[in-house]
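Structural characterization, general
What follows is each chain in one-letter form.
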Amino acid sequence: MEINGEMEQRPVIDGPTNPVVSSLLSDMYQFTMAYAYWKAGKHLERAVFDLFFRKNPFGGEYTVFGGLGECIHFIANFKITEDEISFLRSTLPSSCEDGFFDYLRGIDCSDVEVYAISEGSVVFPRIPLMRVEGPIAVVQLLETPFLNLINYASLVATNAARHRFVAGKSKTLLEFGLRRAQGPDGAISASKYSYIGGFDATSNVLAGKLFGIPLRGTHSHAFVSSFMSPDEITAKTLPHSNGSDSCDDFVSLVQTWLSKLQSVESFRGSFSETSQSELAAFTSYALAFPNNFLALVDTYDVIRSGLPNFCAVALALHDLGYKANGIRLDSGDLAYLSVEARKFFCAIEKEFQIPSFGRMAITASNDLNEETLDALNKQGHEVNAFGIGTHLVTCYAQAALGCVFKLVEINDQPRIKLSEDVTKVSIPCKKRCYRLYGREGYPLVDIMTGENEPPPKVAERILCRHPFNESKRAYVVPQQVEELLKCYWPGNSGKEREPLPTLEKIREKCINHLNQMRPDHMRRLNPTPYKVSLPLSLSFSLSLEHMRRLNPTPYKVSVSAQLYDFIHLLWLSEAPVGELQ
């Protein structure tokens, strides 16, 4: 872009995280349509597409938007290489003319504009997550990669947010899904978007390197069972934490503490002889990581072996100025075992006068999901951290979000997609989108207006209408108005580009947005629909309100009165008129 006779130097934007994301990561019909557009001379016509979804996932009433940054990185580097053109020439019908491939050779996204909701935002059905404007052939080539980059990202971020909501704000959530994810890219994406959705750390080392996500990990059952006895440990020396001296035989110190535990009157009957192979493994691990000792205690028997062995090592570390991190439970009755472990730790704190030993961290894993977290909460437990894998990263409860990419305008002419299923009717024309907030700071409703309509104003009443149901409408007097769509890729338009935030900023936005939501919108079961569009004539009794809560409707957003009228006028003009005979 030229400013005052000089070319402005735009910052270079790196390509997508996964180099596989290229111009050919697309459906074949995008290229056949591109040729047909080119052949008809329509390829440069200015088109506007909305990317949105129709229904919130997991039976809930909200979604977390993820994947925008990857889309911008993709279009900033969009180019069809000679090798890719050669492949397309060999794949498309031989009737395709050479001029089309010359056209493909020269295209990029310099004439494309992208407006989007900020990544990490809480979003709702039908509101465009992205509005993409540009030459129709180019924009359609972006459709499939955009959907691919946003569908899973938003789904797993939402899944993570739902797990965070059930676990509670005080618990540490660890993403352990690498080995169960759908391939390497699924694993990397899951780590990134789980972190955005509220998880605290990941086991995925590459994700830690790429995105700066905190890493967690200790040892597996294999490490424990690989030891036979403490006699295997040859390097027994452990320096004191202050560096002043060292313990020449840490193994013997551990054995001494185990004997002390066995002699405590209150522990008699709980355990007698523990697994010496397990003790050897714990001791060896503590020698390797005295500042980060966390043990997996369920290889043999949690109560009779794992807990006392861990405590013997932890007490030996305490003698040398170190503080053990805690234990991990990976099987059994997690609620019961965590409670018993807490009792054991508290008894040791009291018996040996060791401050904070009773607050030792307890981590639980073992195929956890929303339902098991909820069940643990109802039973009562002492778990401080949860390691969640399969159900999180595979989005086991719902396979896909279902985002779509629909043409809403071409050459300044609004377009609409009709269907016998009203949920699949698109909302036409280039739109502006707003979130209206009430007195308590909660969002009340999202509203779409025509591009040239005046925006809603604070403290001024506005009529919000359901897009397709004429009886559902309500007046709203917003106390705050937030415009949702911002320009993240201006192309050559000269508009100011919204900078891409860091991963930490996106995560912070997500957490803040979730905290802004009304609690009843966040409930796992029977959430209140996110809307205020109700028949004006209805006067609700308590029983009707109760029924509404039990039977939420899927509609979540509204349109202005002017846009409502236009939708239905266009619908009537486009729908064919039947004839009865």
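Numbering of residues starts from 1 in each chain and follows the order in which that chain's sequence is written. Thresholds applied to this predicted model are a pLDDT of at least 70 for local features of residues and 80 or more for the giving and counting of side-chain atom pairs; totals over whole chains, interfaces and linings are not thresholded and use all residues. Note that the side-chain values use all heavy atoms of the structure and ignore hydrogens as well as water.

**Remarks on the overall build of the protein chain**
- Numbering of helices and strands starts at the N terminus; helices are DSSP runs of H or I of at least 4 residues and strands are runs of E of at least 2. What the protein chain contains, in helices and strands, is 18 helices and 24 strands.
- Dimensions of the protein chain along its principal axes, counting C-alpha atoms only, are 95 × 70 × 60 Å.
- The classification of residues rests on relative accessible area computed with a 1.4 Å probe and restricted to protein chains. Under 20% of the type maximum is buried, over 50% is exposed, and intermediate values are partly exposed. Within the protein chain, the fraction of its 581 residues that count as buried is 52%.
- In this description, contact between two residues means that some pair of their heavy atoms is separated by no more than 4.5 Å. A separation threshold of at least 6 residues defines the contact pool for the protein chain, and within that pool the share at least 24 residues apart is 73%.
- For accessible areas, the Shrake-Rupley method is used with a probe of radius 1.4 Å. Any residue's cover is judged against the shown protein chains and nothing else. Put simply, the protein chain shows about 26,500 Å² of open surface, and 51% of that area lies on carbon and sulfur atoms.
- When charges are counted, Lys and Arg contribute as positive and Asp and Glu as negative, whereas His and the chain ends are disregarded. Charge positions are represented by NZ for Lys, CZ for Arg, CG for Asp and CD for Glu. In the protein chain, 58 positive and 66 negative side-chain charges are present, and the distance between their average locations comes to 6 Å.

**Concerning the layout of surface pockets**
- With a 1 Å grid laid over protein atoms only, a set of points is called a cavity when a 1.4 Å probe fits there but cannot get out and a pocket when it is open yet has protein on both sides within 12 Å along at least five of seven lines; lining residues have an atom within 4 Å of a point. Grid points are joined across faces, edges and corners, and a volume is the space filled by probe spheres set on the points. The calculated volume of the largest pocket comes to roughly 960 Å³.
- Around the largest pocket sit 33 residues that line it, and Phe176, Ser203, His219, Arg328 and Ser365 are the ones nearest its centre.
- Among the elements of the structure, strand 8 (172-175), strand 12 (294-296), strand 14 (361-364) and strand 15 (385-388) are those that each provide at least two residues to the lining of the largest pocket.
- Take the lining of the largest pocket: its biggest share by element is 3 residues, from strand 15.
- Put simply, Ala, Val, Leu, Ile, Met, Phe, Trp, Tyr, Cys and Pro go in the nonpolar bin, Asp, Glu, Lys and Arg in the charged bin, and everything else, Gly too, in the polar bin. In terms of residue class, the lining of the largest pocket is made up of 11 nonpolar, 16 polar and 6 charged.
- There is about 550 Å³ of room inside the second largest pocket.
- Lining the second largest pocket are 28 residues, and of these Asn148, Tyr152, Asp185, Gly186 and Ser189 sit closest to its centre.
- Sorting the residues of the lining of the second largest pocket by element identifies helix 5 (136-167), helix 6 (183-196) and helix 7 (205-211) as the ones contributing at least two each.
- By residue number, the principal contributor to the lining of the second largest pocket is helix 6, which donates 7 residues.

**Here we look at the nonpolar core**
- One finds Met130, Phe146, Phe250, Phe293, Phe310, Phe345 and Phe386 to be the most contacted residues of the largest nonpolar core, which totals 163 residues.
- With 18 residues, helix 5 is the single largest residue contributor to this core.
- Ignoring anything within four residues of it in the chain, the contact list for phenylalanine 146 reads Leu51, Cys71, Phe74, Ile75, Met130, Val132 and Phe405.
- Definition used in this section: a nonpolar core is a set of buried Ala, Val, Leu, Ile, Met, Phe, Trp, Tyr and Cys residues joined via side-chain atoms within 4.5 Å. One finds Tyr434, Val445, Ile447 and Cys464 within the second-largest nonpolar core, a separate group that totals 7 residues.

**Some details on helix 12 (residues 334-352)**
- Expected span of a helix, by definition, is 1.5 Å for each gap between consecutive residues, and there is one gap fewer than residues. Helix length check: helix 12, at 19 residues, gives a terminal C-alpha distance of 27 Å against a target of 27 Å (1.5 Å per residue), a fit within 8%.
- Taken as a whole, helix 12 has its buried residues at Leu334, Ala335, Leu337, Ser338, Ala341, Arg342, Phe344, Phe345 and Ile348.
- Residues of helix 12 that are buried make contact with helix 9 (250-263), helix 11 (302-319), strand 13 (326-329), strand 14 and helix 13 (370-379).

**Thoughts on the confidence of the model for the protein chain**
- What pLDDT expresses is the predictor's confidence in each residue, scored from 0 to 100. On average, residues of the protein chain carry a pLDDT of 92, and 93% of them reach 70 or more.
- The model gives residues 532-548 a pLDDT under 50, and that stretch makes 27 contacts with residues more than four places away or in other chains.
- In the predicted structure, residues 550-555 sits below a pLDDT of 50 and forms 14 contacts with residues beyond four places in sequence or in another chain.

**Concerning the state of the cysteines**
- Disulfide assignment relies on a single distance test, namely cysteine sulfur atoms paired within 2.5 Å. Applying the stated criterion across every chain, the model contains 0 disulfides.
- Just so you know, cysteine 71 is unpaired, no disulfide at all, and the nearest cysteine sulfur is the one on cysteine 403, 9.8 Å from it.
- Unpaired in terms of disulfides, cysteine 464 finds its nearest cysteine sulfur in cysteine 433, a separation of 13 Å.

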